[in-house]
Amino acid sequence: MLDPFQLPFVQRAVLELLPLAVIAGTLGCWIVLRGLAFPAHGAAAAAFPGLVLADGLGFAAPLGGFGAALLFALAVGRLAARRGERHDTLTALVLVAALALGIVLASDVFHSAASVESLLFGSLLAIGPADVRLAAAAALVALAASWLLGTRWLASGFDPAAARTLGVRSPWPDVVLLALVALAAVAVLSAVGALLATALLVVPAATTRLLSDRVAAWQLTTIALAAIEGVAGIWLAVELNAPPGATIAVIAGAVFALAALGRSAA
Amino acid sequence: MSAAALVRADGVAVAYPGGPPVLTGVTFELREGERVAVLGPNGGGKTTLFRAVLGELRPAAGALAASARRAAVPQTERSRLDFPVSASDVALMGTIPGRPWWRRPSRADRAAARAALARVGLADRAERTYGELSGGQRQRVLIARAIVQDAGVLLLDEPFSGLDTTSAAALERLLGELAGEGRGVLIATHDLDQARGWDRVLCLNGRQLAFGDPADVLTPEVLAATYGGAIVTLPGTDPDAPRRAILPPHHHDHHHDHHHDRRGSAR
């Protein structure tokens, strides 16, 4: 039954998933707490044309993806700061534009249609060492930033009006948070793709949200849940010959639905 | 003049960026150890004045000077009650202004947060989840946060609204103690009886209508001007001390009211 885990490419997939679970736990909780789920989804979508462009022009694809995601995240952050809560329409517009641009670039400009599917839905079973290194680096950065800036992220989400008078006037903590969302979006892309990024970045943290009443405990629970969902997804994908990214997303969605049902029944 | 002025406003007008002044002619002093009630209808400029004193809004005219650190104590419903934070986490937020943005809270910061919670009588609730505390306890946690900020001036936005009598009495006592420590306390309120017990009263309705001792300021004329006549005198047992109450602001629009009236007269 555990035979799939003997296979080297499955082992590499698990190795990729563990740092991604750390990202899902540390950063995912901040994404959920600060209402950044939709921007996170948008940043992943924006990374898609960035990757295609970088690939087509022959420079490091993750760099192109990160550049596009960062641009998107900071633009959304600026808009959110300026006009309050009414930035979701624009986020949706840019999200669609990014997806369309990516597909046009991939199929008509660079003729790399074969990779579009893996960019949109991930290719966890074809992970390379560079992907694992990127995931590990992003996980370390997410951990360090959360440890250092957690109090401020908490304060500016807790009551934004009072946070201003608390001297949380420096925009940097929130800029760092948005940049980390962009980095996380790129890091999960090779595993679950631009369209399923939130299966790791948002769904596990949203599932454990009401189980914990402190940030640190919530983050640890989420890391564990994301790791379990990820490994279970890889195993099921190999057993059923299903796409792993989508399998993980389905499992994460099902667990979330069960947790929500359990809560409403309790 | 015995005590030093913590906040001094002289002919201050405040406007939001690009708009006309929403509050004019504000001249008052908040001195060490004073509790000053800020009265006025909703939309009368209390919040605007607070934002100016906090330094968020720059006066469009006049001079506004403060010689002590100011801290806001907002209404607790303005904060996220579903946030995964303990009372000491919230108090700890008061240490943020004191350190660069990349620095974590130190051991001394945590000790200051604990001490401030003990100061407001919540030492045994420090690790409780903020959203699960009672309204009065939450209000005191926010006051602890202001104490951690080392604020010489506290601005409280209707801190007594929604509190039961026990919590209100505890809060009243705490505000008296904070003033006794030499802090200045500005309290936006609708409660005239309470304002009567404090040191000064400032009446606002788009402009400053009065400032001074409660006995001088809280006259029917000033109150009528402040609240636009929405004051009723309640029949009391003591004819020398009639109780005045402020009618709650109307949330119905006029159209709705007319409709209501028509139905009433048709019957």
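Residues numbered from 1 in each chain as written. Chains lettered and ligands numbered in written order. Predicted model: local features only at pLDDT ≥ 70, side-chain atom pairs only at ≥ 80, totals over all residues.

Student: Explain the overall build of chain B to me, using residue names and the numbers behind them.
Tutor: Along chain B, the regular secondary structure elements total nine helices and 11 strands. Counting every position in chain B, which comprises 267 residues, the buried fraction comes to 39%. Sequence-distant contacts, at least 24 apart, represent 68% of the contacts inside chain B between residues at least 6 apart. (Helix = DSSP H or I, 4+ residues; strand = E, 2+ residues; numbered from the N terminus. Buried ≥ 20, exposed ≤ 12 C-beta atoms within 10 Å, placed from the backbone. Contact = placed C-beta atoms within 7 Å.)

Student: Which residues make up the overall build of chain A, and what values go with them?
Tutor: Broken down by element type, chain A carries 12 helices and zero strands. The C-alpha atoms of chain A give a radius of gyration of 18 Å, which matches the 18 Å a tight globule of 266 residues would have. The burial tally for chain A puts 54% of its 266 residues in the buried class. Intrachain contacts of chain A at a sequence separation of at least 6 include 75% that bridge at least 24 residues. (Rg over C-alpha atoms; globule rule 2.2 N^0.38 Å.)

Student: Help me get a handle on the sheet that holds strand β2 (residues 21-31) of chain B, residues and values and all.
Tutor: Residue and element names in this part refer to chain B. Spatial ordering of the open sheet is given by β2-β1-β4, a layout of three strands whose pairing is antiparallel. A strand with exactly one partner marks an edge of an open sheet, and here the two such strands are β2 and β4 (59-66). Across this sheet, the average inter-strand angle for adjacent strands is 10 degrees, counted without regard to direction. The sheet contact formed by strand β1 (residues 5-15) and β2 spans seven bridges and is antiparallel. Paired with Val 14 across the two strands is Leu 23, which belongs to β2. (Pairing = 2+ DSSP bridges. Axes fitted to C-alpha atoms, helices over the stretch in contact; angles between N-to-C directions.)

Student: Account for the sheet that holds strand β5 (residues 70-73) of chain B, naming residues and giving values.
Tutor: Residue and element names in this part refer to chain B. Strand order in the open sheet formed by six strands is β5-β6-β7-β3-β8-β9, and the pairing between neighbours is mixed. Each edge of the open sheet is held by one strand with a lone partner, namely β5 and β9 (208-212). On average, adjacent strands in this sheet sit at an angle of 15 degrees to one another, irrespective of strand direction. Looking at chain direction, strand β6 (residues 153-157) and strand β7 (residues 184-188) are connected through five bridges and run parallel. For Asp 157, the partnering residue across the bridge sits in β7 and is Ala 188. Against the sheet, helix α1 (residues 46-53) contacts β3 (35-39), β5, β6, β7 and β8 (200-204), and its axis sits at roughly 155 degrees relative to β6. In this fold helix α5 (residues 165-180) packs onto β3, β6 and β7, with an angle of close to 145 degrees to the strand it touches most, β7.

Student: Describe the interface of chain B and chain A, naming the residues involved and giving the relevant values.
Tutor: In this complex, chain B contributes 22 residues to the contact, which on the side of chain A involves 23 residues. Mapped onto the side of chain B that touches chain A, the elements with two or more residues apiece are β5 and α2 (87-92) of chain B. For the side of chain B that touches chain A, the class distribution of residues is 14 nonpolar, three polar and five charged. (Nonpolar A, V, L, I, M, F, W, Y, C, P; charged D, E, K, R; others polar.)

Student: Tell me what's going on with the pairing of β7(B), and back it up with residues and numbers.
Tutor: All names here are of chain B. Counted residue by residue, β7 has five buried out of five residues, so it is predominantly covered. Pairing analysis gives four bridges linking β3 to β7, with the strands arranged parallel. Looking at β7, one finds that Arg 35 is bridged to Val 185. With α5 bridging β6 and its parallel neighbour β7, the resulting β-α-β unit is right-handed. (Right-handed = clockwise from strand over helix to strand, strands pointing away.)

Student: A description of the domain arrangement of chain B should follow, citing residues and the corresponding values.
Tutor: All names here are of chain B. If you check the domain split of chain B, you get domain 1 (1-68 + 152-230) and domain 2 (81-150). Placing a centre on the C-alpha atoms of domain 1 and another on those of domain 2 gives a separation of 25 Å. Contacts between the two partners involve eight residues from domain 1 and, on the opposite side, eight residues from domain 2. (Domains from an automatic or database assignment.)

Student: Outline helix α12 (residues 244-265) of chain A, listing residues and values.
Tutor: Spanning 22 residues, α12(A) covers 31 Å between terminal C-alpha atoms, matching the ideal 32 Å at 1.5 Å per step. Of all the positions in α12(A), only Pro244(A), Gly245(A), Thr247(A), Ile248(A), Ala249(A), Ala252(A) and Phe256(A) are classed as buried. (Expected span 1.5 Å × (residues − 1).)

Student: Explain the packing of helix α1 (residues 8-33) of chain A against helix α6 (residues 129-158) of chain A to me, and be specific about the residues and the numbers.
Tutor: All names here are of chain A. Contact geometry for α1 and α6: axes closest at 9 Å, N-to-C directions at 15 degrees. In terms of their interaxial angle, α1 and α6 are classed as roughly parallel. α1 and α6 meet at a crossing whose hand is left-handed. When α1 is examined against α6, the residues Arg 12, Leu 15, Glu 16, Pro 19, Leu 20, Val 22, Ile 23, Thr 26, Leu 27, Trp 30 and Leu 33 are found in contact with a partner set consisting of Asp 131, Val 132, Ala 135, Ala 136, Ala 138, Ala 139, Ala 142, Leu 143, Ser 146, Trp 153 and Gly 157. When its residues are assigned to classes, the contact of α1 with α6 shows 16 nonpolar, three polar and three charged. (Parallel < 35°, antiparallel > 145°, perpendicular 65-115°, else oblique. Left-handed = near helix turned anticlockwise from the far one by under 90°.)

Student: Tell me what's going on with helix α4 (residues 135-148) of chain B, and back it up with residues and numbers.
Tutor: It helps to recall that an α-helix has 3.6 residues per turn; residues three or four apart then point in one direction. All names here are of chain B. Between its first and last C-alpha, α4 extends 20 Å over 14 residues, near the 20 Å set by a 1.5 Å rise per residue. Buried-residue contacts for α4 involve β5, α2, α3 (107-119), β6 and α5. Phi turns positive, to about 60 degrees, at Asp 150, one or two residues after α4.

Student: Describe unusual backbone geometry, listing the residues and the values that go with them.
Tutor: Residue and element names in this part refer to chain B. Phi is positive for Asp 150, which is not a glycine, with a value near 60 degrees. Of note, Asp 150 is situated in the loop between α4 and β6. Given 15 C-beta atoms within 10 Å, Asp 150 falls into the partly exposed group. In this model, Glu 158 sits at a positive phi of 45 degrees, which is unusual for a non-glycine residue. According to the C-beta neighbour criterion, Glu 158 is partly exposed, with 17 such atoms within 10 Å.

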